[in-house]
Protein chains: 2
Amino acid sequence: MSFVVTAQSMHFPGPLPLSSGATLSDYSLAYETYGKLDADGGNAVLVCHALNASHHVAGVYAGQPQSVGWWDNMIGPGKAVDTDRFFVIGINNLGSCFGSTGPMHPNPATGRAWGADFPVVTVEDWVDAQAALLDALGIRKLAAVMGGSLGGMQALSWALRHPERVEHAVVIASAPSLTAQNIAFNEVARRAIVTDPDFHGGHFYEQGVIPRRGLRIARMIGHITYQSDDVMNEKFGRSLRSAVEGAAAHTDFLYSTQEVEFQIESYLRYNGDKFSEYFDANTYLLITRALDYFDPARAHGGDLRAALARATAKFLLVSFTTDWRFSPARSREIVKALLDNRRKVSYAEIDAPHGHDAFLLDDVRYMGVVRSYFDRIGKELP
Amino acid sequence: MSFVVTAQSMHFPGPLPLSSGATLSDYSLAYETYGKLDADGGNAVLVCHALNASHHVAGVYAGQPQSVGWWDNMIGPGKAVDTDRFFVIGINNLGSCFGSTGPMHPNPATGRAWGADFPVVTVEDWVDAQAALLDALGIRKLAAVMGGSLGGMQALSWALRHPERVEHAVVIASAPSLTAQNIAFNEVARRAIVTDPDFHGGHFYEQGVIPRRGLRIARMIGHITYQSDDVMNEKFGRSLRSAVEGAAAHTDFLYSTQEVEFQIESYLRYNGDKFSEYFDANTYLLITRALDYFDPARAHGGDLRAALARATAKFLLVSFTTDWRFSPARSREIVKALLDNRRKVSYAEIDAPHGHDAFLLDDVRYMGVVRSYFDRIGKELP
């Protein structure tokens, strides 16, 4: 049982100018904090979330023992990121469906839910909104900003947009931009959602329906790309659906194209179903697009070294050998560009079997690397 | 311009018993032949097709210069598989939508289209049906059976089911079974089709609709897995939609979640659209399931060596370094199991950038390997 935490929300009068040229007239951000901010505000660690997560990074909500934060194995009292020492902030991004201003909230211009009219937000927009929260909390400079996957992109973006406010950036299982294949998977997921007849052009809330079919497909695709082929083979292999899933165990094929035949199928269907019950379709579109757009080298003609010249933070990068979504090679691109700029960089390539998901899982070496790094950060604190 | 060919069809009174226990009371097979059968019937080469192909392997149809067969670069007069020397047979599998008996044909029991009631067919069923065609053509033993991907599985299955009828088996970019990840991708594609409201439980023909949304998603997923990340990056990278696709060229983001932003998106959408216009949804389900089920080692407790002991043919296996759908490691499993049985095996691992699609493309080394192998087969002919 983890420590009990409470979600908070802060309203900002805005306006927040966005990368697209649009502005949000005002907005709210959901967030949580763990630990205690030092008097000089110097021990703050901002944690940025990835695609389907939220500000609920660690701990549990009172009376809800299942509500464990998504990085609770990493962050908490005595953990790798020790909340006895650091003041950790989990924040929910704009456009999310977990509390911060997003597509299901009213569009001030119409009074109706934004739906698909919610403005496209970028990693940079998120960072700017996060900066406003830090201002309000009285945090001038972060001891560290950290995140995995899309969260790692935000940590990198922090080091570029607000170099003077970041002492350390911890970028885990991330990439300096998506590859064509990454974008392709995102696009298939988006098309599945957008072409679901229940999507109604993104204004399904007022129709009382949810584009569940599309969300299920999107999540199933996501799940495949989060895991390594090896781990899937080890967990499911070619095993047939068994009694575990509530159906009668069988040892021979059903010879059916629509029934569940293999365990991997029931796993995917189960996860797709679950996801479609809690995740918002418009949020999925927005967040995958933020991933697509992220590319700090773009403004520098594709030169990542030039793009990262602005960053003054010290960096920890971590990648996982079997991550084929954001492969170690992509982390190494960042490492190289930082080293070319003579920045201080630590890099760990963890030999873990779990693919991209590894960044969320317990791994002794991975946790050890992060713990050591934060111990060092802690020692630097005044 | 290639040589002119004509599609043929043959009706079989049946019944054909299927792996599932069902039987097809009668059936027709579409096929094509190129070259001339020797008097002793010894120069026949059977070509098995993969997921979305057909009996139209080589040549063009009269007056249709665009109708080039899918392996026309490999097969024809003077080509790697030389139709001046070999009698080549292209065959369309049961359950297909390109001419052989399939879901859009009448179910004799009801007089209405089979739709989703078409019996599930396996690689083994296809091989048995192909054998009936060879009987009718007077071919006792094949000089070679060959195929890529799912076609390679059929070639392997031929060597196991009818060892006495196969002199050589040529198995290209294939695998002894699907991995969990392979099955997972198939399952997502199937769910996209089956949950399309226009699927109508597989009886959409009589509704006058087509589950296009699902077919598009299925094809987009397929396309991603057929190509290597590197080739996608080289072809499309992060390039924005350009004038090539008929839209105005633009150099900045549109900031839209639904419009085409990147070239890779318009490529995928274009291919998805095109596929949904010519491919049948029920056929897609059947063929992906045949892939899922193929696993000759299964009847031998997972022991591929034991499973391949029946094969007496000589083998050529070819794999491609960047094929992540059916990786070289999977071909090597087959090679090893054959060598463990002291069979004659040639194996080429071609360093090609194109991923799984490489088996359909021109590559000097690949074509050279196949040409040499068939030269050798030719020399063995009486």
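All values reported here derive from a predicted model rather than from experimental measurement. Residues take numbers from 1 onward in each chain, read along the sequence in its written order. Lettering of chains starts at A and numbering of ligands starts at 1, both following the order in which they are written. In keeping with the predicted nature of the model, local features appear solely for residues at pLDDT of at least 70, side-chain atom pairs appear and are counted solely at 80 or more, and the whole-chain, interface and lining totals rest on all residues. The side-chain figures draw on all heavy atoms in the structure; neither hydrogens nor water molecules are used.

A. Structural detail: the overall build of chain A. Within chain A, the secondary structure is distributed over 10 helices and 14 strands. Reported as C-alpha extents along the three principal axes, the dimensions of chain A are approximately 65 × 50 × 50 Å. Buried positions account for 62% of the 382 residues belonging to chain A. Residues are treated as being in contact if the distance between any of their heavy atoms lies within 4.5 Å. Long-range pairs, those at least 24 residues apart, make up 71% of the contacts in chain A with a sequence separation of at least 6. Numbering goes from the N terminus for both helices and strands, where a helix is a DSSP run of H or I of at least four residues and a strand is a run of E of at least two. When accessible area is computed with a 1.4 Å probe and restricted to protein chains, residues below 20% of their type maximum are described as buried, those above 50% as exposed, and intermediate ones as partly exposed.

B. Representation of helix α1 (residues 123–137) of chain B. All names here are of chain B. Between the first and last residue of a helix there are one fewer steps than residues, each counted as 1.5 Å, and that sum is the expected span. A rise of 1.5 Å per residue sets the reference length of α1, with its 15 residues, at 21 Å; its end C-alpha atoms lie 21 Å apart and thus fit the reference within 8%. What α1 keeps buried is the set V123, D125, W126, V127, A129, Q130, A131, L133 and L134. Just beyond α1, the residue with positive phi is G138, at close to 75 degrees.

C. Focus on the sheet that holds strand β14 (residues 345–350) of chain A. All names here are of chain A. DSSP-based pairing: two strands are paired if at least 2 bridges between them are found. In space, the 8 strands of this open sheet follow the order β2-β5-β10-β6-β11-β12-β13-β14, with mixed pairing throughout. A strand with exactly one partner marks an edge of an open sheet, and here the two such strands are β2 (8–12) and β14. Strand-to-strand, the axes of this sheet are offset by a mean angle of 20 degrees, without reference to chain direction. Bridging between strand β5 (residues 27–34) and strand β10 (residues 87–91) involves 4 bridges; their strand directions are antiparallel. Each bridged residue has a counterpart across the sheet, and for Y34 the counterpart in β10 is V88. For helices, the fitted line uses only the C-alpha atoms of the stretch in contact; every axis is such a line through C-alpha atoms, and the angle between N-to-C directions lies from 0 to 180 degrees. Packed onto the sheet, helix α2 (residues 150–161) meets β6 (44–48), β11 (144–148), β12 (168–172) and β13 (314–320) and runs at close to 150 degrees relative to β11.

D. Structural view of the pattern of salt bridges. For salt bridges, the criterion is a side-chain nitrogen of Lys or Arg within 4 Å of an Asp or Glu carboxyl oxygen. Enumeration according to the criterion identifies 42 salt bridges over all chains in this entry. B:E206 is the salt-bridge partner of B:R112, the closest N and O atoms lying 2.6 Å from each other. Of this pair, B:R112 sits in the loop between β10 (87–91) and α1 while B:E206 sits in the loop between α3 (180–194) and α4 (212–226); the two residues are 94 residues apart in sequence, bridging distant segments of the chain. According to the relative accessible area criterion, B:E206 is partly exposed, its value standing at 44%. Residues joined by salt bridges that share partners form a network here, namely A:E187, A:R190, A:R289, A:D292, B:E265 and B:R269.

E. Spotlight on the side chain of B:D72. Residues and elements named next belong to chain B. Residue position: D72 is located in the loop between β7 (60–61) and β8 (75–76). Given the relative accessible area of 10%, D72 is considered buried. Sequence-distant contacts of D72, that is, excluding residues within four places in its chain, are made with S2, F3, V57, A58, G59 and K79.

F. Molecular detail of the relation of the copies chain B and chain A. Of the two same-sequence chains, chain B is brought onto chain A (RMSD 0.0 Å, axial shift 0.0 Å) by a rotation of 180 degrees. Here the copies are linked by what is in effect a two-fold axis. C-alpha atoms of residues with pLDDT of at least 70 in both copies form the basis for the least-squares superposition of the copies.

G. Looking closely at the interface of chain B and chain A. Listed by partner, the interface residues are 61 residues for chain B and 61 residues for chain A. Carbon and sulfur atoms supply 62% of the area that chain B and chain A bury against each other, a total of about 5,100 Å² over both sides. On the surface where chain B and chain A come into contact, there are 10 salt bridges. Put simply, B:R289 and A:E265 hold a salt bridge, and the shortest N to O gap is 2.6 Å. Two N or O atoms count as a polar contact when they lie within 3.5 Å, although within protein this holds only if one can serve as hydrogen donor and the other as acceptor, and sequence-adjacent residues are included solely when both atoms are side-chain atoms. Applying the counting criterion to the chain B and chain A interface returns 28 residue pairs in polar contact (both at pLDDT 80 or more). Looking at the side of chain B that touches chain A, the elements with two or more residues in it are α3, α4, α5 (229–235), α6 (263–278) and α7 (281–293) of chain B. Of the residues forming the side of chain B that touches chain A, the biggest block, 11 residues, is contributed by α3(B). Residues are grouped as follows: Ala, Val, Leu, Ile, Met, Phe, Trp, Tyr, Cys and Pro are nonpolar; Asp, Glu, Lys and Arg are charged; every other residue, Gly included, is polar. Each residue belonging to the side of chain B that touches chain A can be placed in one class, and the counts come to 31 nonpolar, 15 polar and 15 charged. Buried area: the accessible area, evaluated with a 1.4 Å probe, that two parts lose upon being put together, summed over both parts.

H. How the structure looks around the nonpolar core. To qualify as a nonpolar core, a set must consist of buried Ala, Val, Leu, Ile, Met, Phe, Trp, Tyr and Cys residues joined through side-chain atoms within 4.5 Å. Within the largest apolar cluster, 263 residues are counted, with the highest numbers of intra-cluster contacts made by A:I172 and B:I172. When neighbours within four sequence positions are excluded, A:I172 is seen to be in contact with A:W71, A:M74, A:M146, A:G147, A:G148, A:S149, A:G152, A:V318, A:F320, A:F359, A:Y366 and A:V370.

I. Representation of the sheet that holds strand β5 (residues 27–34) of chain B. Residues and elements named next belong to chain B. Strands sit in the order β2-β5-β10-β6-β11-β12-β13-β14 across an open sheet of 8 strands; the sheet is mixed. Only two strands of the sheet have a single neighbouring strand rather than two, namely β2 (8–12) and β14 (345–350). Recorded for the sheet is a direction-independent mean angle of 20 degrees between the axes of neighbouring strands. Each of β2, β5, β6 (44–48) and β10 touches α1; the most contacted strand, β5, lies at about 60 degrees to it.

J. Broad picture of the packing of helix α6 (residues 263–278) of chain A against α3(B). Interhelical geometry of α6(A) versus α3(B) gives an angle of 50 degrees and a closest axis separation of 9 Å. Judged on the interaxial angle alone, α3(B) and α6(A) are oblique. Along this stretch, α6(A) crosses α3(B), giving a crossing that reads as right-handed. Residues A:I264, A:E265, A:L268 and A:R269 of α6(A) form the contact with α3(B), whose participating residues are B:A180, B:I183, B:A184, B:E187, B:V188, B:R190 and B:R191. In the contact of α6(A) with α3(B), the residues fall into 6 nonpolar, no polar and 5 charged. By definition in this entry, angles of less than 35 degrees are roughly parallel, angles greater than 145 are roughly antiparallel, angles of 65 to 115 are roughly perpendicular, and the rest are oblique. Should the near helix be turned anticlockwise from the far one by less than a right angle, the crossing is left-handed, and should it be turned clockwise, the crossing is right-handed.

K. Looking closely at the packing of aromatic side chains. In summary, the pairing rule links any two rings of Phe, Tyr or Trp, Trp by its six-membered ring, whose centres are within 6.5 Å, and it sorts them by plane angle into stacked for under 30 degrees, edge-to-face for over 60 and tilted for everything else. Scanning the model with the defined rule gives 48 aromatic pairs over all chains in all. Taken together, a centroid distance of 5.0 Å and an interplanar angle of 20 degrees make the contact between A:W70 and A:W71 stacked. With centroids separated by 4.9 Å and ring planes inclined at 90 degrees, the aromatic side chains of B:F320 and B:Y366 adopt a geometry described as edge-to-face. A residue pair is termed long-range when its members are at least 10 positions apart, and B:F320 in strand β13 (residues 314–320) and B:Y366 in helix α10 (residues 364–380) qualify at 46 residues. Both residues of the pair, B:F320 and B:Y366, count as buried. Criterion for a charge above a ring: Lys NZ or Arg CZ within 6 Å of the ring centre, and within 35 degrees of the ring normal. Over the face of the ring belonging to A:F326 we find A:R325, whose NZ or CZ atom lies 5.8 Å from the ring centre.

L. Region of interest: empty space enclosed by the protein. Cavities and pockets are defined on a 1 Å grid built over the protein atoms alone: a cavity is a set of grid points where a 1.4 Å probe fits but cannot escape, while a pocket is an open set with protein on both sides within 12 Å along at least five of seven lines, and lining residues are those with an atom within 4 Å of any such point. Grid points are joined across faces, edges and corners, and a volume is the space filled by probe spheres set on the points. As enumerated under the stated definition, the model contains 4 cavities of 30 Å³ or more in all. Counted as a void, the largest cavity has a volume near 130 Å³. Lining the largest cavity are 14 residues; nearest its centre among them are A:A192, A:T195, B:A192, B:T195 and B:R213. Residue assignment for the lining of the largest cavity shows that the elements contributing at least two residues are α4 (212–226) of chain A together with α4 of chain B. Looking at the lining of the largest cavity residue by residue, the classes come out as 6 nonpolar, 4 polar and 4 charged. Within this model, the second largest cavity holds a volume of roughly 70 Å³. Taken together, A:L178, A:Q181, A:N182, A:F185, A:N186, A:T225, A:W324 and A:R325 make up the lining of the second largest cavity. Looking at the lining of the second largest cavity element by element, the count peaks at 4 residues for helix α3 (residues 180–194) of chain A.

M. Region of the structure containing unusual backbone geometry. The peptide bond linking A:G14 to A:P15 adopts the cis configuration, its omega dihedral lying at -5 degrees. The residue A:P15 is located in the loop between β2 and β3 (16–17) in this model. We note that A:H200 has phi near 50 degrees; this positive angle belongs to a residue other than glycine. Given a relative accessible area of 36%, A:H200 falls into the partly exposed group. Positive phi, close to 50 degrees, is recorded for B:A173, a residue that is not glycine. Mapped onto the fold, B:A173 is located in the loop between β12 (168–172) and α3.

N. Looking closely at the pairing of β11(A). All names here are of chain A. Burial of β11 is extensive: 5 of the 5 residues sit out of reach of the surface. Of the two faces of β11, the one lined by A144, M146 and G148 and the one lined by V145 and G147 are each fully buried. Bridge count between β6 and β11: 4 bridges; the pairing is parallel. The partner of L46 across the bridge, within β11, is V145. Sheet analysis places β11 next to β12, joined by 4 bridges and oriented parallel. Bridge pairing in β12 links G148 to I172. Assignment of crossover handedness uses the view with strands pointing away from the viewer, where a clockwise path from the first strand over the helix to the second indicates a right-handed crossover. A crossover links β11 with its parallel partner β12, the connecting element being α2, and its sense is right-handed.

Geometry only, nothing functional implied.
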